[in-house]
Amino acid sequence: MQKKLLLELLDRLLSEDNELDSLHHKWLKIEVTDLKFSCYLSFAEQKFVIKQQCKKRDVIFSGALNQFILIAGRKEDPDTLFFQRRLVIEGDTELDLEIKNLLDNIYFENLSPFIEKSLNHFATFVQRGLIPLGGKGVTASFFASDQ
């Protein structure tokens with residue numbers, strides 16, 4: 001069921017205008033390190049393919065769940081997280097750049113307003129939880145007032 005939901009979400013988010021041929025028979029491994037979860041994503045015959053196991057991987061995006069939430073909510077871009085060493089990107093550099101460009105061209109307008117708003121609120125929650133308060137290692141809570 002999770003696989004079916006993820007495939008439907010990808011189909012809605014990625015417009016037909018996006019160039020997905022770069023993923024044709026190439027495999028992106030996504031590792032969510034703190035959940036010990038990984039999956040492989042490819043594009044073939046005009047549809048996304050997801051596998052739990054795959055011997056081939058052309059690019060690996062690896063990081064904690066919060067980093068992926070920040071990317072999905074457009075609170076951070078993959079390059080920033082990569083240079084801050086909060087997201088590890090390995091493999092085919094050309095494919096890596098194409099995938100990052102693809103992420104920048106996601107059409108959240110294709111989601112229902114409820115889901116779009118929920119994703120934004122969740123990403124804001126994560127972002128606020130990562131902002132240090134007073135420089136003493138204490139983090140801001142979701143209910144912290146905007147300054």
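Summary of the structure given here. Just so it is clear, the model here is predicted, and its values are computed rather than measured.

Definitions and cut-offs
- Residues numbered from 1 in each chain as written.
- Predicted model: local features only at pLDDT ≥ 70, side-chain atom pairs only at ≥ 80, totals over all residues.
- Heavy atoms only, no water.
- Pairing = 2+ DSSP bridges.
- Helix = DSSP H or I, 4+ residues; strand = E, 2+ residues; numbered from the N terminus.
- Axes fitted to C-alpha atoms, helices over the stretch in contact; angles between N-to-C directions.
- Contact = heavy atoms within 4.5 Å.
- Salt bridge = Lys/Arg side-chain N within 4 Å of Asp/Glu carboxyl O.
- Buried < 20%, exposed > 50% of the residue type's maximum accessible area, 1.4 Å probe, protein only.
- Patch = residues over 30% accessible without salt bridge, like charges linked within 9 Å, V, L, I, M, F, W, Y side chains within 5 Å.
- Areas by Shrake-Rupley, 256 points an atom, 1.4 Å probe, with all protein chains shown as cover.
- Phe/Tyr/Trp six-rings, centres within 6.5 Å; stacked < 30°, edge-to-face > 60°.

## Overview of the sheet that holds strand 5 (residues 87-91)
- Sheet architecture is open: five strands sit in the order 3-2-1-4-5, paired in mixed fashion. In this open sheet, the two strands that pair with only one neighbour each are strand 3 (47-51) and strand 5. In this sheet, neighbouring strand axes are inclined to one another by 20° on average, regardless of whether the strands run parallel or antiparallel.
- By the bridge criterion, five bridges tie strand 1 (residues 28-32) to strand 2 (residues 37-44) in an arrangement that is antiparallel. Looking at the pairing, Lys29 lines up with Tyr40 of strand 2.
- Lying over the sheet, helix 4 (residues 93-104) contacts strand 1, strand 4 (59-63) and strand 5, oriented at roughly 55° with respect to strand 4.

## Here we look at the pattern of salt bridges
- Scanning all chains against the criterion turns up four salt bridges.
- We note a salt bridge from Glu31 to Lys29, for which the minimum N-O separation is 3.0 Å.
- Its relative accessible area of 23% is what places Glu31 among the partly exposed residues.
- When its relative accessible area of 12% is taken as the criterion, Lys29 is described as buried.
- As a salt-bridge pair, Lys100 and Asp79 come within 2.5 Å of each other at their nearest N and O atoms. One end of the pair, Lys100, is in helix 4; the other, Asp79, is in helix 3 (residues 78-83), with 21 residues separating them in the sequence.
- Taken together, the shared-partner salt bridges connect Asp79, Asp96 and Lys100 into one network.

## Some details on the environment of Ala64
- Tracing the chain through its elements places Ala64 in the loop between strand 4 and helix 2 (65-72).
- Here Ala64 falls in the partly exposed class, since its relative accessible area comes to 22%.
- In contact with Ala64, other than residues within four places in its own chain, are Val32, Thr33 and Asp34.

## Describing a nonpolar patch on the surface
- A contiguous nonpolar patch, built from Leu35, Phe37 and Leu65 and spanning about 250 Å² of accessible area, is present on the exposed surface.
- Considering the arrangement of structural elements, one finds Leu35 in the loop between strand 1 and strand 2.

## Describing the packing of aromatic side chains
- Applying the stated criterion across every chain yields a total of three aromatic pairs.
- A centroid spacing of 5.2 Å and a plane angle of 70° characterise the contact between Phe43 and Phe48, whose relative ring orientation is edge-to-face.

## Some points on unusual backbone geometry
- Positive phi values are uncommon outside glycine, yet Lys36 reaches one of about 50°.
- Positionally, Lys36 belongs in the loop between strand 1 and strand 2.
- The exposed category is assigned to Lys36, whose relative accessible area is 76%.
- Even without a glycine there, the phi angle at Arg85 is positive, about 60°.
- With respect to the helices and strands, Arg85 occurs in the loop between helix 3 and strand 5.

Purely geometric stuff here, so don't read any function into it on its own.
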